[in-house]
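Overview (structure and organization)
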Amino acid sequence: MRYYIADTHFFHRSLNEKMDQRGFDDIDQMNEYMIDQWNSKVRKNDEVVVLGDFSWGNAKETTEILDELKGKIYLIRGNHDRFLDDKNFDTSRFVWIKDYAELNENKRKVVLSHYPIACYDGQYRRDEFGNPKTFMLHGHIHATKDQQFLDAYQDYVQQQKHPRISDGQLENVPCQLINCFCMYSDYVPMTLDEWIEIDKQRRNIL
């Protein structure tokens, strides 16, 4: 099974107290809760793609967290993953570390970046039933006003029409930008289909 999650920010005190206002007593409690939530779902051979900003801790602290987490972990580099710049950090705990990636999942394409990409590769592809075949998964914006701006952009794009390649008939433009922010899933890594449902519920889309 493959899961996704973004912006855990282990050890990042200011996110607990200020920006995200996560509500934990301290970062030790925050870290412990996130580890427990992760391991409540992920098993040894599961894959977890972290969409950036995994840890604010140093090399030693981040390694200690990684040693407690289950699964095969892949990292899309975030702007706060400063532990990667420490020459003493052993990157082997991650299967790979990339700035950008594209994966295939059940005949669908998943575009992965820490930052949301407005016009992503494969955006217009649909399956035989008219469902989008490509999803852009990201992090970075947390639950800030930027999320509201991105939602408004996505709503606007989805109302626009373009000629279908196959027959020229007009159809709505697909736009599937999904923020895998850890707080949206109570810090539990989720599958692509679970994130699709979480995003629909968050935006009140039936």
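Residues numbered from 1 in each chain as written. Predicted model: local features only at pLDDT ≥ 70, side-chain atom pairs only at ≥ 80, totals over all residues. Heavy atoms only, no water.

For a regular strand, side chains alternate in direction, first toward one face of the sheet and then toward the other. Of the two faces of strand β5 (residues 100-105), the one holding Ala-101, Leu-103 and Glu-105 is buried and the one holding Tyr-100, Glu-102 and Asn-104 is not buried anywhere. One ladder, built from six bridges, connects β5 with strand β6 (residues 108-113); its direction is antiparallel. From the neighbouring strand, Tyr-100 faces β6, where its bridge partner is Ser-113. Turn length for the β5-β6 hairpin, with the two strands adjacent in sequence and antiparallel, is two residues, and the turn residue Asn-106 shows positive phi of about 50 degrees. (Buried < 20%, exposed > 50% of the residue type's maximum accessible area, 1.4 Å probe, protein only. Helix = DSSP H or I, 4+ residues; strand = E, 2+ residues; numbered from the N terminus. Pairing = 2+ DSSP bridges.)

For the rest of this paragraph, the subject is the layout of surface pockets. Volume-wise, the largest pocket comes out at about 230 Å³. If you trace the largest pocket, you find it lined by Asn-131, Pro-132, Phe-135, Gln-158, Gln-176, Ile-178, Ile-196, Asp-199, Lys-200, Arg-203 and Ile-205. Among the elements that line the lining of the largest pocket, the one with the most residues is helix α5 (residues 192-202), at three residues. As for the second largest pocket, its lining consists of Asn-106, Lys-107, Arg-108, Asp-127, Glu-128, Phe-129, Asn-131, Pro-132, Lys-133 and Phe-135. Residue composition of the lining of the second largest pocket, by class: three nonpolar, two polar and five charged. (1 Å grid on protein atoms, 1.4 Å probe; cavity = no way out; pocket = protein on both sides within 12 Å on 5 of 7 lines; lining within 4 Å. Points joined across faces, edges and corners; volume = space filled by probe spheres on them. Nonpolar A, V, L, I, M, F, W, Y, C, P; charged D, E, K, R; others polar.)

Right, let's get into the nonpolar core. Among the nonpolar cores identified, the biggest contains 27 residues, and Trp-38, Val-50, Phe-54 and Phe-94 are the most heavily contacted of them. At the level of elements, β1 (2-5), α2 (27-39), β2 (47-50), α3 (59-68) and β3 (72-76) are the ones that each hand at least two residues to this core. In terms of residue count, the dominant contributor to this core is α2 (five residues). With sequence-adjacent residues up to four places away left out, Trp-38 is seen in contact with Ile-5, Val-48, Val-50, Phe-54, Leu-69, Lys-70, Ile-73, Tyr-187 and Pro-189. (Core = buried A, V, L, I, M, F, W, Y, C linked by side-chain atoms within 4.5 Å. Contact = heavy atoms within 4.5 Å.)

Another aspect to go through is the environment of Asn-88. Here Asn-88 is to be found in the loop between β3 and β4 (94-98). For the pair Asn-88 and Ala-59, spaced 29 residues apart in the sequence, the C-alpha separation amounts to 6.7 Å.

Counted at 1.5 Å a residue, the expected span for α2 with its 13 residues is 18 Å, and the 18 Å between its end C-alpha atoms agrees. Listed as buried for α2 are Ile-27, Met-30, Asn-31, Met-34, Ile-35, Gln-37, Trp-38 and Asn-39. Where α2 starts, the residue carrying a side-chain oxygen 3.2 Å from the main-chain nitrogen of Asp-28 turns out to be Asp-26. (Expected span 1.5 Å × (residues − 1). Polar contact = N/O pair within 3.5 Å; in protein donor to acceptor, adjacent residues only side chain to side chain.)

Tallied over the entire structure, the rule returns 17 salt bridges. Here Glu-64 and Lys-60 are joined by a salt bridge, their closest N and O atoms 2.6 Å apart. Remark: Lys-60 and Glu-64 occur in helix α3; sequence separation between them is four residues, near one turn of the helix. Judged by its relative accessible area of 39%, Glu-64 is partly exposed. Overlapping salt bridges, with partners in common, bring together Asp-151, Asp-155, Asp-199, Arg-202 and Arg-203 in one network. (Salt bridge = Lys/Arg side-chain N within 4 Å of Asp/Glu carboxyl O.)

Scope: geometric values only; no functional claims are made or implied.
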